[in-house]
Amino acid sequence: EPLRPWKREQLGRGYDLSAWVEKTTLEMADGIIAVSQSTAADVARLFDCDPATITVIANGIDTETYAPHPDPACLTTYGIDATRPYVLFVGRMTRQKGLRHLLDAVPYLAPDAQVVLCAGAADTPDMAREFEEAVARLQQQRTGVIWIPTMVPRQTTIALYSHAAVFCCPSIYEPFGLINLEAMACDTPVVASAVGGIPEVVMHGETGYLVDPDLSSDPPYGPRHPEQFAQALAAALNRLLADPALRRP
């Protein structure tokens, strides 16, 4: 796990074990399947592997399952105002998923925009408290900041995708970014970080917008200028929020 140094927060010394297992397994393997060209390049660069043994087979989703399926009752359940557009985040509360950067972008969003955070399973109790406090501050500053802190059924996620004006994936590391495919299959445009395999999934200006987080080359590989990244995320989100015609598939 050389590109996930923040996992040490969750795993402690177990991080050393997982990193050793990953390295040993990859370097002994006769064949390696990578989920993206980016992951294949990382494996070839970071491990003593013959690039000829690496095959890319991209992740995929079932588009009969992930398809537009509006459910107004779902919005009512979570207190989402159906008359106001919302930005949706779906993911775990981890450094990798970049939720912190989306929260930093919220003050720059259009005043009528809602933000729906379907975020649970924090890596550590301290991280859970950090995000809880950040969300509480935002809720004091503006209406329409809605946090769903539990894992929800797939059909609920699909309904949330289907009603969202825009989906945001602010990750600082993604081998592929399957979540973006799920959103796009539900006819929801995406604003995502231009990291890892995401640019192989989100076509800038066609299926969404990519935002460069300008990551540091040193661990923990976070944005060099977090505030600029947050503002750039907000600018891309606002562009889609302001133009319903642009959001249509």
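Residues numbered from 1 in each chain as written. Predicted model: local features only at pLDDT ≥ 70, side-chain atom pairs only at ≥ 80, totals over all residues. Heavy atoms only, no water.

Turning our attention to the layout of surface pockets. Approximately 370 Å³ is the volume attributed to the largest pocket. Around the largest pocket sit 25 residues that line it, and V90, G91, R92, M151 and I179 are the ones nearest its centre. The set of elements that each furnish at least two residues to the lining of the largest pocket consists of β3 (86-92), β4 (114-120), α7 (154-163), β6 (166-169) and α8 (178-185). Of all the elements, β3 adds the most residues to the lining of the largest pocket, at 4 residues. Here the lining of the largest pocket is built from residues that sort into 14 nonpolar, 6 polar and 5 charged. (1 Å grid on protein atoms, 1.4 Å probe; cavity = no way out; pocket = protein on both sides within 12 Å on 5 of 7 lines; lining within 4 Å. Points joined across faces, edges and corners; volume = space filled by probe spheres on them. Helix = DSSP H or I, 4+ residues; strand = E, 2+ residues; numbered from the N terminus. Nonpolar A, V, L, I, M, F, W, Y, C, P; charged D, E, K, R; others polar.)

Across all of its chains, the model carries 11 salt bridges by this definition. Its salt-bridge partner being D214, residue R224 comes within 3.2 Å of it at the nearest N-O pair. Here D214 lies in the loop between β8 (208-211) and α9 (226-241) and R224 lies in the loop between β8 and α9, a separation of 10 residues in the sequence. Here the salt bridges do not stand alone but share partners, grouping E9, R95, R100, D104 and E130 into one network. (Salt bridge = Lys/Arg side-chain N within 4 Å of Asp/Glu carboxyl O.)

A few words on a nonpolar patch on the surface. Together, L17, W20 and V21 make up a nonpolar patch on the protein surface, roughly 320 Å² of accessible area in all. As for its placement among the helices and strands, L17 is situated in helix α2 (residues 14-28). (Patch = residues over 30% accessible without salt bridge, like charges linked within 9 Å, V, L, I, M, F, W, Y side chains within 5 Å. Areas by Shrake-Rupley, 256 points an atom, 1.4 Å probe, with all protein chains shown as cover.)

Attention now moves to the nonpolar core. One broad trend across soluble globular proteins is that nonpolar side chains are buried collectively. The biggest cluster of nonpolar side chains holds 33 residues, and the ones touching the most others in it are L99, L103, L117, V191 and L237. Looking at this core, the elements that each hand over two or more residues are β3, α5 (99-105), β4, α6 (125-141), β6, β8 and α9. No other element matches α9, which puts 8 residues into this core. Setting aside its immediate chain neighbours within four residues, L103 contacts L117, F131, A134, V135 and L138. (Core = buried A, V, L, I, M, F, W, Y, C linked by side-chain atoms within 4.5 Å. Buried < 20%, exposed > 50% of the residue type's maximum accessible area, 1.4 Å probe, protein only. Contact = heavy atoms within 4.5 Å.)

What follows deals with the side chain of K7. Locating K7 in the fold gives a position in helix α1 (residues 7-11). Buried within the structure, K7 lacks any salt-bridge partner; D123 is the closest side chain of opposite charge, at an N-O distance of 4.4 Å. Looking at K7, its side chain comes within polar contact range of the side chain of Q10, at 2.6 Å. With near-sequence residues (within four places) excluded, K7 lies in contact with E1, G12, Y15 and D123. (Lys, Arg positive; Asp, Glu negative; His and termini not counted. Polar contact = N/O pair within 3.5 Å; in protein donor to acceptor, adjacent residues only side chain to side chain.)

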